[in-house]
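The primary structure of each chain is shown beneath.
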Amino acid sequence: MEKYTIRRFLFRAGSRFIRRQEKSDSGEPGNVLFVWIPKTAGTSIFSLLKELGMRKYKSLDQTRYRFPGSGMATFVHQSIPGLVEAGAIPEAFVQSAFKFSFVRNPYDRAVSLYYYFRRYDRIPPEMEFERFLDVLEQEWDRNRDLRPPTEAALTARVRYRGEFVSPHSHTLHPPGTYNVLEWSQCRPQSEWLRGIGGLDQIHLGRMENIDEDFKSILQKMFGACGESYQIALDIYGSSMPKHNATLHRHFMEHYRDPALRRIVEKIYQADFVNFGY
């Protein structure tokens, strides 16, 4: 009962902060945009920020009909420029928002994707990591310049529920107005950050340093001396909770063959360059 009461207090305090900030001219952000890149601890990060009023919109129709155009929001794995072009979110929100995201070592992320796909039967359980990368490379060669499907081409399921996954569908769709479409989660992380300003306008954290970087982002977002920053720290605690995590051994153990590293370096070249890995 006591925990429930505390959580209700924190949520109310966070909601008051958001309403106050929308009307404030203090220079602190009134709008916040969390760019949620697949397999970069997004579920854990959102589980904390939702206590401060952040809302998520997982599909095109959810965004179009439920997003009020301001406040703290994440659109999960949807393309932000795609949503602006579709008229689902106002460009002014994107321009004015405090924008942040988390990135991950591409070698580690490829291993995490592999175990995630196995866990949810996206690939056959007998498929080895080497074969997974082979298929990924084939799809990259075929689909690196593929454009996302138009809204008219999306099925009702994708528009309303936000995703289509099948163990038999391997197309490497780029980010679009959908949460997940076949193997879209495997695209380079850099693609989710395009079209929303330069990287110098996005506060980037790294999964390898998630606890310190998340606290630093909270500090920039709320201000180090404000009530809501202290509330955020109380919610956060001492370390990031692990939601939707896929357990695996140290990722470099999967790359004893240099040819496997070259596949990752080929597909995720932009991530190595942009994020300094």
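Here goes a summary of the coordinates provided.

Cut-offs used in this document
- Residues numbered from 1 in each chain as written.
- Predicted model: local features only at pLDDT ≥ 70, side-chain atom pairs only at ≥ 80, totals over all residues.
- Heavy atoms only, no water.
- Pairing = 2+ DSSP bridges.
- Helix = DSSP H or I, 4+ residues; strand = E, 2+ residues; numbered from the N terminus.
- Contact = heavy atoms within 4.5 Å.
- Axes fitted to C-alpha atoms, helices over the stretch in contact; angles between N-to-C directions.
- Buried < 20%, exposed > 50% of the residue type's maximum accessible area, 1.4 Å probe, protein only.
- Patch = residues over 30% accessible without salt bridge, like charges linked within 9 Å, V, L, I, M, F, W, Y side chains within 5 Å.
- Areas by Shrake-Rupley, 256 points an atom, 1.4 Å probe, with all protein chains shown as cover.
- Salt bridge = Lys/Arg side-chain N within 4 Å of Asp/Glu carboxyl O.
- Lys, Arg positive; Asp, Glu negative; His and termini not counted.
- Charge placed at Lys NZ, Arg CZ, Asp CG, Glu CD.
- Core = buried A, V, L, I, M, F, W, Y, C linked by side-chain atoms within 4.5 Å.

The next thing to look at is the sheet that holds strand β1 (residues 32-35). Pairing is parallel across the open sheet formed by five strands, whose spatial order is β2-β3-β1-β4-β7. Of all strands in the sheet, those with a lone pairing partner are β2 (55-56) and β7 (203-206), marking the two edges. Two elements, β1 and strand β3 (residues 72-74), share three bridges in a ladder whose sense is parallel. Bridge pairing links F34 to T74 in β3. The sheet contacts of helix α9 (residues 210-222) involve β1, β3, β4 (98-103) and β7, and relative to β4 the element is tilted by about 175 degrees.

This part covers the pairing of β1. Side chains of β1 alternate between two faces, with V32 and F34 and L33 and V35 buried alike. Where β1 and β4 come together, four bridges link them in parallel fashion. Bridging from a neighbouring strand, F34 pairs with F100 of β4.

Take a negative patch on the surface next. Together, E128, E130, D134 and D257 line one region of the surface with negative charge. On the secondary structure map, E130 appears in helix α7 (residues 129-143). Since its relative accessible area comes to 38%, E130 is described here as partly exposed.

So, about the nonpolar core. Here is a general trend for soluble globular proteins: nonpolar side chains tend to be buried in one another's company. Ranked by internal contacts, the top residues of the largest apolar core, which has 26 residues, are F132, L133, L136, W183, C186 and Y255. Of all the secondary-structure elements, those providing two or more residues to this core are α6 (106-119), α7 and α11 (258-267). A total of seven residues in this core trace back to one element, the largest contributor, which is α6.

Attention now moves to the pattern of salt bridges. Counting across every chain of the model gives eight salt bridges. In this structure, the salt-bridge partner of E137 is K266, at a minimum N-O distance of 3.0 Å. Separated by 129 residues along the polypeptide, E137 in helix α7 and K266 in helix α11 bring together distant segments of the chain. Here E137 falls in the partly exposed class, since its relative accessible area comes to 21%. Assessed through its relative accessible area of 31%, K266 is described here as partly exposed.

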